[in-house]
Amino acid sequence: MTTGEEETVLRRAEFDADGIIKYHWMGLIMISLLIVTIPITLIVALGYKIVLSRVIASWDCVLMTRSLNVKKGVFNKIEKTVPLEKITDLQMAQGPIMRLFDLHRISVETAGQSGPGSLISLIGIRATEDFRNTVINAIEDLVNSIRFSKVELQVEGDEWGFVTHIFTDREAQLAWTI
């Protein structure tokens, strides 16, 4: 599938909605252990029931040949396109509660990113390790596809050995013809 000039979809992430919902419900169970917080827990549980499945359904993560595209949000829609050559770290984490539901969190950090934390954080991607390896392989393929051409320079200096001008091949040709 091609979506533009030389951009091909390599993989689309699938999210484990059931596992993500159960993971969020675990937090409610912890809160409801205190008798005082039970009414708050019921209100939040109702909100989870109504909103959480829609929120997860709005998530989309597509690995392209040159970028990672992420869309999130029901109320506030966020779209992020991260060029693969800018990705510096692809971290995978799994806490003890996440382990119960076989969930992982992938965090993407980039060169030039401002502020602490990751630029993109995704939870509940099915076959997380395979998805992460696919992204890493796509980055390696992109880096390996870069070819450098030969550049020759000519240098002029003064009597003390200081460089006064550097010519590229083209500039040197122009200098000799003038």
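Residues numbered from 1 in each chain as written. Predicted model: local features only at pLDDT ≥ 70, side-chain atom pairs only at ≥ 80, totals over all residues. Heavy atoms only, no water.

**Focus on the pairing of strand E6 (residues 105–110)**
Test applied: Pairing between two strands requires that DSSP report at least two bridges joining them. Counting from the N terminus, the helices are the DSSP runs of H or I reaching at least four residues and the strands are the DSSP runs of E reaching at least two.
Bridge analysis of strand E5 (residues 87–93) against E6 gives six bridges, and the strand direction is antiparallel. Across the sheet, residue Leu 90 finds its bridge partner in E6, namely Val 108. Two elements, E6 and strand E7 (residues 120–123), share four bridges in a ladder whose sense is antiparallel. In the strand pairing of E7, Ser 107 is matched with Ser 121.

**Some thoughts on the confidence of the model for the protein**
Here is the rule we go by: Per-residue confidence from the predictor is reported as pLDDT, a score between 0 and 100. Residues are treated as being in contact if the distance between any of their heavy atoms lies within 4.5 Å.
Averaged over the protein, the pLDDT score is 84; the fraction of residues at 70 or greater is 90%. Confidence, read as mean pLDDT per element, is least for helix H5 (residues 169–177) in the protein (50) and greatest for strand E2 (residues 60–64) (95). The model gives residues 172–178 a pLDDT under 50, and that stretch makes four contacts with residues more than four places away or in other chains.

**With respect to the pattern of salt bridges**
The condition that has to hold: Each reported salt bridge corresponds to a side-chain nitrogen of Lys or Arg within 4 Å of a carboxyl oxygen of Asp or Glu. Using a 1.4 Å probe on the protein chains alone, a residue whose accessible area is under 20% of its type maximum counts as buried, one over 50% counts as exposed, and one in between counts as partly exposed.
Tallied over the full model, the rule gives two salt bridges. Close ionic contact of Arg 12 with Asp 60 constitutes a salt bridge, the shortest N to O distance being 2.8 Å. With Arg 12 in strand E1 (residues 9–12) and Asp 60 in strand E2, this pair connects stretches of sequence that are 48 residues apart. Linking Arg 126 and Asp 16 is a salt bridge whose minimum nitrogen-to-oxygen distance equals 3.7 Å. Linking Arg 126 in the loop between E7 and helix H4 (128–144) with Asp 16 in the loop between E1 and helix H1 (17–31), this pair joins segments that are 110 residues apart in sequence. Overall, Arg 126 belongs to the partly exposed group, its relative accessible area being 43%. Note on Asp 16: relative accessible area 18%, which makes it buried.

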